[in-house]
Amino acid sequence: MTNIDANHKTAVVTGASRGIGLSIARMLAAEGFRVFGLSRHETHEDNIVFIPCDVTEISSVKNAFDKILDQTGSIDLLVANAGMGISGAAEFAREEEIDRQLAVNLTGAIRCARQVVAPMREKQRGRIVFVSSLGAIFPLPFQSFYSVSKAGINAFSDALGLELRPFGIETCTLLLNDVKTDFTASRIKNIQGDDIYSGRIRASVTKMEISEQHGMEPDQVAAVLGRLLKRRHLPPHYIAGFSNQLLGLLYRLLPTRLMLKILGKIYG
Ligand SMILES: NC(=O)c1ccc[n+]([C@@H]2O[C@H](COP(=O)([O-])OP(=O)(O)OC[C@H]3O[C@@H](n4cnc5c(N)ncnc54)[C@H](OP(=O)(O)O)[C@@H]3O)[C@@H](O)[C@H]2O)c1
């Protein structure tokens, strides 16, 4: 798929019931895509067909994509956006919360991407965009499993992109910094051990929450993606927002030890 001649093209957005996913789904519908939104809760929106789907359940994912393919015959664009966050000290994280973090953000996104590979390969075109985070390259203390989930998705996107290049299928991770959504309120917070960690768990997560609530608007993220889709080719990674791109540059330039020291001063 080259750039956005969107008319009659089919796009699937996961996590489309609110926040960034809903903004992206609306933007794609406005660009002329036939848009399917997947999430556990349905929302009613003109020009978006919602299909209930829990990305952590393979049967639910398969049903949703089968339904879409039955109706459309092809999928041109997948935006794997569904996500959630947990926070707390790695030491005290509950097993079920670690599993959930990886099941939604990592395995869930992988599962959805795998559903579209064969139909895209048959058409010899397609684009898969994974909504990732700067937390993938800046490992966040007290959100380590979130960072793991997003670093994993970056690696998967790159590897998948290499596998699929001969078939005209492109993958891209869209790395976001703070965005003002319900993500902050939905975060599963565990402050167990905060006394042992001298109050650093609560302080770190509170700082992150404040930044998120002063972050970009979801519509701005959607606009960034809209511009990316107009390019002839997608970049493998793209950081949304100019100041965030400067952070990405710093990440490339600074020695790891120094980068971690700075990160530790801010969030450690
Ligand atoms: N907000 C930020 O600051 C920020 C920063 C960097 C990256 N991101 C990433 O951006 C993406 C979207 O986050 P957001 O800020 O828009 O959060 P949000 O407002 O909380 O929206 C999350 C979306 O994911 C869906 N979702 C969650 N669990 C799901 C599941 N098991 N199956 C299917 N859908 C599921 C939710 O729908 P249901 O509850 O209806 O299922 C909802 O539509 C996430 O991947 C997040 O990691 C966000």
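Some words on the site of the ligand
The full set close to the ligand counts 32 residues, and Gly15, Gly19, Arg40, Gly83 and Phe183 are the nearest of them. Those elements that provide at least two residues to the shell around the ligand are helix 1 (19-30), helix 3 (95-123), strand 6 (126-133) and helix 5 (183-186). A per-class count over the shell around the ligand returns 11 nonpolar, 15 polar and six charged.

Some details on helix 6 (residues 200-213)
Between the first and last C-alpha of helix 6 there are 20 Å, a value that for 14 residues agrees with the 20 Å anticipated at 1.5 Å per step. Taken as a whole, helix 6 has its buried residues at Ile201, Ser204, Val205 and Met208. All buried residues of helix 6 fall inside an arc of 90 degrees around its axis, so they share one side. Exposed side chains of helix 6 directed beyond 90 degrees from the buried face belong to Thr206, Lys207 and Ile210. Here the buried face of helix 6 lies against strand 5 (86-87), strand 8 (188-189) and helix 9 (256-267).

Structural notes on the environment of tyrosine 251
Positionally, tyrosine 251 belongs in helix 8 (residues 242-253). Taking the C-alpha atoms as reference points, tyrosine 251 and isoleucine 137, 114 residues apart in sequence, are found 7.7 Å from one another. Those residues in contact with tyrosine 251 that sit more than four places away from it in its chain are Ile137, Phe138 and Met259.

Side note on the sheet that holds strand 2 (residues 34-39)
In space, the seven strands of this open sheet follow the order 3-2-1-4-6-7-9, with parallel pairing throughout. Unpaired on one side and paired on the other, strand 3 (48-52) and strand 9 (237-239) mark the two borders of the sheet. With direction set aside, neighbouring strand axes in the sheet form an average angle of 20 degrees.

Remarks on the packing of helix 2 (residues 58-72) against helix 3
Contact pair helix 2 / helix 3: the axes reach a minimum separation of 10 Å and the direction vectors enclose 35 degrees. Considering only the axes of helix 2 and helix 3, their crossing is right-handed. On helix 3, the residues that touch Ile58, Val61, Lys62, Phe65 and Leu69 of helix 2 are Arg111, Cys112, Gln115 and Pro119. For the contact of helix 2 with helix 3, a count of residues per class yields six nonpolar, one polar and two charged.

Parameters at a glance
Residues numbered from 1 in each chain as written. Predicted model: local features only at pLDDT ≥ 70, side-chain atom pairs only at ≥ 80, totals over all residues. Near = placed C-beta within 6 Å. Helix = DSSP H or I, 4+ residues; strand = E, 2+ residues; numbered from the N terminus. Nonpolar A, V, L, I, M, F, W, Y, C, P; charged D, E, K, R; others polar. Expected span 1.5 Å × (residues − 1). Buried ≥ 20, exposed ≤ 12 C-beta atoms within 10 Å, placed from the backbone. Arc of directions from axis to C-beta. Contact = placed C-beta atoms within 7 Å. Pairing = 2+ DSSP bridges. Axes fitted to C-alpha atoms, helices over the stretch in contact; angles between N-to-C directions. Left-handed = near helix turned anticlockwise from the far one by under 90°.

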